[in-house]
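# Coordinate analysis (summary)
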Amino acid sequence: MKNQSLTSNIDWICIIIYSLLVIMGWLNIYSSSLSSMEGTSEKQLVFIILTIPLIFILLYVDGKLYEKYASLIYIIGLFSLAGLFVFGKTIKGQANWYSFGSFGLQPSEFVKTATALALAKYLSDVQINLKDTNRQLQVLGILGLPIMLIVPHDPGSALIYCFLIIVLYREGLPAWYVWTGFIAIVLFVLTLILEPQYVLLIALLAIVLIYFKSRLGDRNIVLSTIIFVLISGFVLSVSYVFDNVFKQHHRDRFNILLGKSVDMKGIGYNTNQSEIAVGSGGWFGKGFLEGTQTKGGFVPEQHTDYIFTTVGEEWGFVGSLFVIIMFVCLLLRIIYLAERQKTKFSRVYGYCVASILFIHFFVNIAMVLGVFPTIGVPLPFFSYGGSGLWGFTILLFVFIKMDANKVNEW
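Residues numbered from 1 in each chain as written. Predicted model: local features only at pLDDT ≥ 70, side-chain atom pairs only at ≥ 80, totals over all residues. Heavy atoms only, no water.

A word on the overall build of the protein chain. Tallying secondary structure elements over the protein chain gives 19 helices and three strands in all. Nonlocal contacts in the protein chain, meaning residues at least 24 apart in sequence, comprise 72% of its contacts between residues at least 6 apart. For the protein chain, the accessible area works out to roughly 20400 Å², and carbon and sulfur atoms hold 69% of it. (Helix = DSSP H or I, 4+ residues; strand = E, 2+ residues; numbered from the N terminus. Contact = heavy atoms within 4.5 Å. Areas by Shrake-Rupley, 256 points an atom, 1.4 Å probe, with all protein chains shown as cover.)

Another point: the layout of surface pockets. Computed from the structure, the second largest pocket encloses a volume of approximately 860 Å³. Lining the second largest pocket are 27 residues, with Ile-183, Ile-207, Ile-210, Ile-227 and Ile-231 positioned closest to its centre. Breaking the lining of the second largest pocket down by element, the ones donating at least two residues are helix H11 (175–193), helix H12 (196–213) and helix H13 (221–244). With nine residues, the single largest contributor to the lining of the second largest pocket is H11. Broken down by class, the residue content of the lining of the second largest pocket amounts to 21 nonpolar, four polar and two charged. (1 Å grid on protein atoms, 1.4 Å probe; cavity = no way out; pocket = protein on both sides within 12 Å on 5 of 7 lines; lining within 4 Å. Points joined across faces, edges and corners; volume = space filled by probe spheres on them. Nonpolar A, V, L, I, M, F, W, Y, C, P; charged D, E, K, R; others polar.)

Now for the packing of helix H7 (residues 108–123) against helix H18 (residues 344–368). Running from N to C, H7 and H18 cross one another at 145°; their axes reach a closest spacing of 8 Å. When the axes of H7 and H18 are compared, the crossing they make is right-handed. Only Lys-344, Phe-345, Val-348, Tyr-349, Cys-352, Ile-356 and His-360 of H18 make contact with H7, whose side of the interface consists of Lys-112, Thr-113, Ala-116, Leu-117, Leu-119, Ala-120, Lys-121 and Leu-123. (Axes fitted to C-alpha atoms, helices over the stretch in contact; angles between N-to-C directions. Left-handed = near helix turned anticlockwise from the far one by under 90°.)

A few words now on the pattern of salt bridges. The tally for this structure, following the rule as stated, stands at seven salt bridges. Residues Asp-11 and Arg-333 are paired through a salt bridge, measuring 2.4 Å at the closest nitrogen-oxygen approach. Here Asp-11, found in the loop between helix H1 (2–8) and helix H2 (12–33), pairs with Arg-333, found in helix H17 (residues 308–339); they are 322 residues apart in sequence, far enough to count as distant. Look at Arg-333 and you get buried, because its relative accessible area is 19%. Arg-340 serves as the salt-bridge partner of Asp-403, at 3.8 Å between the closest nitrogen and oxygen. Placement of the pair is Asp-403 in helix H19 (residues 386–405) and Arg-340 in the loop between H17 and H18, with a sequence separation of 63 residues. A residue is classified by how much of its surface remains accessible, and Asp-403, at 0% relative accessible area, is buried. (Salt bridge = Lys/Arg side-chain N within 4 Å of Asp/Glu carboxyl O. Buried < 20%, exposed > 50% of the residue type's maximum accessible area, 1.4 Å probe, protein only.)

Mapped onto the elements, Ser-320 comes out in helix H17. Take Ser-320: its relative accessible area is 9%, and that puts it in the buried class. Beyond its immediate stretch of four places on either side in the chain, Ser-320 contacts Phe-308, Val-311 and Gly-312.

Considering the arrangement of structural elements, one finds Glu-42 in helix H3 (residues 40–60). Each C-alpha atom, one on Glu-42 and one on Tyr-30, is 8.2 Å from the other, the two residues being twelve residues apart in sequence.

This part is about H13. Between its first and last C-alpha atoms H13 spans 35 Å; for 24 residues at 1.5 Å apiece the expected length is 34 Å, and the two agree. The sharpest bend along H13 measures roughly 35° and falls at Ser-237. Every buried residue belonging to H13 is among Ser-224, Ile-231, Ser-232, Val-235, Val-238 and Phe-242, and all of these are buried. (Expected span 1.5 Å × (residues − 1). Bend = angle between axes of the 7 residues up to and from the residue.)

Turning our attention to the packing of aromatic side chains. Summed over the entire model, instances satisfying the criterion amount to 16 aromatic pairs. Between Trp-176 and Tyr-177 the ring centres are 4.1 Å apart and the planes differ by 25°, which places this aromatic pair in the stacked class. Aromatic ring contacts, followed pair by pair, group Tyr-18, Phe-381, Phe-392 and Phe-397 into a single cluster. (Phe/Tyr/Trp six-rings, centres within 6.5 Å; stacked < 30°, edge-to-face > 60°.)

It is worth spelling out the nonpolar core at this point. Membership of the largest hydrophobic core comes to 83 residues, with the highest contact counts inside it found for Ile-334, Tyr-349, Leu-357, Phe-381, Phe-382 and Phe-397. In terms of residues, this core owes the most to one element, H18, which gives 15 residues. In this structure, Phe-397 is in contact with Ile-15, Tyr-18, Ile-55, Leu-58 and Leu-59, ignoring residues within four places of it in sequence. (Core = buried A, V, L, I, M, F, W, Y, C linked by side-chain atoms within 4.5 Å.)

Our next topic: the packing of helix H5 (residues 70–82) against helix H8 (residues 133–150). Packing of H5 against H8 leaves a shortest axis separation of 9 Å and a crossing angle of 20°. As summarised for this structure, H5 and H8 are arranged roughly parallel, according to the angle between their axes. For H5 against H8, the interelement crossing comes out left-handed. Of the residues in H8, those in contact with Tyr-74, Leu-78, Leu-81 and Ala-82 of H5 are Gly-141, Ile-142, Leu-145, Pro-146, Leu-149 and Ile-150. (Parallel < 35°, antiparallel > 145°, perpendicular 65-115°, else oblique.)

Turning next to the confidence of the model for the protein chain. Chain-level statistics for the protein chain give a pLDDT mean of 83 and a share of 85% at 70 or above. Averaged pLDDT values over the elements of the protein chain bottom out at 53 in H1 and peak at 94 in H5. (pLDDT = per-residue confidence, 0-100.)

Let's shift gears to H12. Compared with the 26 Å implied by 1.5 Å per residue over 18 residues, the 26 Å span of H12 between its first and last C-alpha is a close match. When H12 is considered as a whole, its buried residues turn out to be Val-199, Leu-200, Ala-203 and Ile-207. Buried residues of H12 fall within an arc of 95° about the axis and therefore sit on the same side. Residues of H12 that are exposed and angled more than 90 degrees away from the buried face: Tyr-198, Leu-205, Leu-209, Phe-212 and Lys-213. Of the surrounding secondary structure, the elements contacted by the buried residues of H12 are H11 and H13. (Arc of directions from axis to C-beta.)

So, in structure tokens, the structure goes:
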């Protein structure tokens, strides 16, 4: 009777939106792989069918077990990432897969759920106060460990984990962490565009302006000086990091995005072709299976990272807008459900789910439209691949189970 009661409290709005996105994703994979990737849509259909028993298992498990074993799940996730350094299979230059015959598994897709559970578990402790420096270091360590293990194999996926700091901010992490990250990104990009001395001049003027705009009692010349010294060190190190830490294809993508180089036949080919495909769709698109760019196979990786180009070409602006609205509705629904949770664990996990899905959705579409460098971030429920589909499904349905279980919370 207990399981039946929980089933009756499942949020069907999330499930319906999820189902629509998965179906639409498969239709676009079918179209994008019809002429050049035979068997791809059939494999994806198998992955989709296998999600059905997976969903039943996730909903059948007692919701309390996700909280009880959150730390263990996280540790297992870390070991799965560490194992890639020894047993990982290299695909397209990245050793981020385990190979089981013809089947591959990408652990980073599942560790997102493990990290979200670990964060929720840690932050749900009544003794946690993120104003305390030690607590800040500990919670950042929970995020930092998977990031360090993923960066050598898949920098794009590692970026997703960084944005979970938004959840920490929601739970009381001082705002200066978020501002520091934002300012660092701005300074990094500005230094790639301008000479370092001009960036430092802009930073100095900003610090001086803030200093004199502050109330007399809040002015601190020593702190302002330290901030400028730290900014100077960061700006002056950008060139070294860019030239020695970033790989050549990463540098090329940034240079093309920033207009410093044009390579429409090389590294910039994907972005250029995706922009052409999306733009050619017009208002209502060319029709299902009628996309010339799609059928011609002009956009590489169109069934994976660039799947949204098929949406833009064959379904047009209206179809693309519908897909975006569906994602936004799902995100808003998750946030709404997170806010009405009766436990902090469930609420924090819900916000982690919303953050991870949003960053994937935003970065992927921005990448396809050429306003963000290509970093290999899939579009949830749309991009081809079993690991991605199952990873996002687990991430979402664990929360749906938690939400259904709230009727038993006090």
